[in-house]
Amino acid sequence: MGGRLTPGASPALLLVDPARAYVDRGSPLYAGVEPAVEAMKTLLAGARRAGIPVVVTRVRFRPDGSDGGVFFRKVPTLKVFAEGSPYGDFIDGLAPTAAELTVTKQYPSAFFGTSLAAYLTANRIDTLLIGGLSTSGCVRATALDALQHGFVPVVVEEAVGDRDPDVHAANLFDIRHKIGEVWPMARVEEYLGGVRRDERP
């Protein structure tokens, strides 16, 4: 346990589900993750300055949830991500631009049932900087699948959050020891400062 992965020279930023559902107090999924959201904005700005690819995921279901399968049945509050619900919209300041990739998903991992792995491979990405919500759910599932697809996952500590601080901490512990790297924002910013988009392999 606890080996170290070295990020490569060709990173991308992946923001997992920066949805209003987690910050709107009227939402059944409100998680009190406002500090993580502010850190996500800092991370996104840094990635854009560095000129690296940015991918942002969102969850969308058909109105009846039929494309969510067993997951939708297990977690009925996922109805907040049904088509037409404002809770599925991006948090202000975290929406992707037209030049950035939006990945729509129905399950926890950003890789499951999507073209994300093919996109990253085609763009010669070797490292994923990961922020988003929530640590114990979609962030962890995405980091694990990044590892399994051969990308170095670097979860940005301040830029992920969960409704329970103990669960958040336990999942970061597991990610750090079994899945990828967990770096503080300052270390990520230093890393991005050494990345030059025109020098990527």
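Structural notes, computed from the coordinates. It should be emphasised that the depicted structure is a prediction, and the values quoted were computed from it without experimental measurement. (Residues numbered from 1 in each chain as written. Predicted model: local features only at pLDDT ≥ 70, side-chain atom pairs only at ≥ 80, totals over all residues. Heavy atoms only, no water.)

**A word on the side chain of Asp162**
And step 1. Secondary-structure assignment places Asp162 in the loop between β5 (152–161) and α5 (165–179).
And step 2. Buried within the structure, Asp162 lacks any salt-bridge partner; Arg163 is the closest side chain of opposite charge, at an N-O distance of 4.3 Å.
And step 3. Looking at Asp162, its side chain comes within polar contact range of the main-chain nitrogen of Thr135, at 3.5 Å.
And step 4. In this structure, Asp162 is in contact with Ala31, Val33, Ser134, Thr135, Ser136, Val167 and His168, ignoring residues within four places of it in sequence. (Helix = DSSP H or I, 4+ residues; strand = E, 2+ residues; numbered from the N terminus. Buried < 20%, exposed > 50% of the residue type's maximum accessible area, 1.4 Å probe, protein only. Lys, Arg positive; Asp, Glu negative; His and termini not counted. Salt bridge = Lys/Arg side-chain N within 4 Å of Asp/Glu carboxyl O. Polar contact = N/O pair within 3.5 Å; in protein donor to acceptor, adjacent residues only side chain to side chain. Contact = heavy atoms within 4.5 Å.)

**Side note on the packing of aromatic side chains**
And step 1. The final tally for this structure, using the stated rule, is six aromatic pairs.
And step 2. A ring pair is formed by Phe61 and Phe72, whose centres lie 5.1 Å apart and whose planes are at 70°; its orientation type is edge-to-face. Placement of the pair is Phe61 in the loop between β2 (54–59) and α2 (69–74) and Phe72 in helix α2, with a sequence separation of 11 residues.
And step 3. Residue classification places Phe61 among the buried positions, given a relative accessible area of 1%.
And step 4. On the basis of relative accessible area, Phe72 is assigned to the buried category, the value being 15%.
And step 5. Considering the side-chain rings of Phe71 and Tyr107, the 6.0 Å spacing of their centres and the 25° angle between planes classify their relative orientation as stacked. (Phe/Tyr/Trp six-rings, centres within 6.5 Å; stacked < 30°, edge-to-face > 60°.)

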